[in-house]
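Structure assessment
Next come the chains, spelled out residue by residue.
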Amino acid sequence: MKVVHTIQELRDQLRGQNRAAFVPTMGNLHEGHLQLMKEARQHGDPVVASIFVNRLQFGPNEDFDRYPRTLAADIEKLEAARDVYVLFAPDERELYPEPQNFRVQPPADLGDILEGEFRPGFFEGVSTVVLKLLSCVQPRTAVFGKKDYQQLMIVRNMCRQFQLPVDIVAHETVRDADGLAMSSRNRFLSEAERAEAPRLYALLQGLREQVIAGEMDVAALERAAQDDLTAHGWQVDYLALRRQHDLRAPAAADIEGKTPLVIVAAAKLGATRLIDNLEV
Ligand code: PAF
């Protein structure tokens, strides 16, 4: 695997390649990331990954400074998995050599709800860096995890509206054996919090079963799941049943008419904020 830190080196490595498959990450790689890289191999060649902790997508009170930076260990994992041909690991000066005044502004009806409501500016930061990374790598395909459901949708819509010549591929959320979605932030959980954390996914599964069984009082179902989390020490940002295609709340006709739905959730356990979702 070639590790490059500048856009020039990246372009030199990829000269003449027009079938690259790309996996952008913020590093601190775990099995979930490695599976995205494996998926990427099915969609293009060579596979390019990036590691860049993007300051633009962190709010002033968020964990940018303590976000784990583990480049040497990440490189070891990628070398061992043998799926990635080029790793692009720029520093901030390389990707943001001047203040990033031009930004991608996602539409409010998608970018300011759910995650966007609790993390103002998050999707602007994500969209802007993803556009820049796509411009650096120029892949034919890029792979994103479904765990960040709203992010995946926003990136997809951005690429469609800007008519970028890239296919966005979604990869299923990778989970630990007890159901907890893999995330770089899981390492911040204490032992007791780690034991509690699978409750989030278990509640999503329960809610899904009830919707499938025809339970129509969605607000009551959501409230029961939120209350359960709160009773076990969580601080819930949102836990909601939404339509898959626009992440808006479903009307009765959507539930009866079998519109594809998704349950999305974000909640804090101690100081660690976890997100998850489950398609219905
Ligand atoms: O999902 C992530 O790791 C980040 O939001 C991304 C897509 C790499 C952009 O910084």
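A short tour of the structure in this document, coming up.

Conventions we followed
Residues numbered from 1 in each chain as written. Predicted model: local features only at pLDDT ≥ 70, side-chain atom pairs only at ≥ 80, totals over all residues. Heavy atoms only, no water. Salt bridge = Lys/Arg side-chain N within 4 Å of Asp/Glu carboxyl O. Buried < 20%, exposed > 50% of the residue type's maximum accessible area, 1.4 Å probe, protein only. Near = heavy atom within 4 Å. Polar contact = N/O pair within 3.5 Å; in protein donor to acceptor, adjacent residues only side chain to side chain. Areas by Shrake-Rupley, 256 points an atom, 1.4 Å probe, with all protein chains shown as cover. Nonpolar A, V, L, I, M, F, W, Y, C, P; charged D, E, K, R; others polar. Pairing = 2+ DSSP bridges. Helix = DSSP H or I, 4+ residues; strand = E, 2+ residues; numbered from the N terminus. Axes fitted to C-alpha atoms, helices over the stretch in contact; angles between N-to-C directions.

1. Description of the pattern of salt bridges
Tallied over the full model, the rule gives 20 salt bridges. The salt bridge partner of Arg 93 is Asp 91, with a shortest N-O separation of 3.1 Å. Look at Arg 93 and you get exposed, because its relative accessible area is 65%. Overall, Asp 91 belongs to the partly exposed group, its relative accessible area being 37%. Several salt bridges share partner residues, and in doing so they unite Lys 38, Arg 41 and Asp 83 into one network.

2. A closer look at the site of the ligand
As a matter of local geometry, the ligand sits amid Pro 24, Thr 25, Met 26, Asn 54, Gln 57, Val 126, Val 129, Phe 144 and Gln 151. Residue Gln 57 places a side-chain N or O atom 2.7 Å away from an oxygen atom belonging to the ligand. For the ligand, an oxygen atom lies 2.8 Å from a polar atom in the side chain of Gln 151. Burial of the ligand by the protein amounts to 88% of the accessible area it has alone, namely 280 Å². Residue composition of the shell around the ligand, by class: 5 nonpolar, 4 polar and no charged.

3. So, the sheet that holds strand E2 (residues 21-25)
As summarised here, the arrangement of the 6 strands in space is E1-E4-E3-E2-E5-E6, forming an open sheet in which the pairing is parallel. Of all the strands in the sheet, the pair left with one neighbour each is strand E1 (2-4) and strand E6 (167-171). Neighbour to neighbour, the strand axes of the sheet diverge by 25 degrees on average, direction disregarded.

4. What about the pairing of strand E9 (residues 272-279)?
Judged by how many residues are buried, E9 sits mostly within the fold: 7 of 8 residues are covered. One ladder, built from 8 bridges, connects strand E8 (residues 261-269) with E9; its direction is antiparallel. Considered in E9, the bridge of Val 264 is made with Asn 277. In this structure, the hairpin formed by E8 and E9 is closed by a connection of 2 residues, where Gly 270 is found at a positive phi of approximately 60 degrees.

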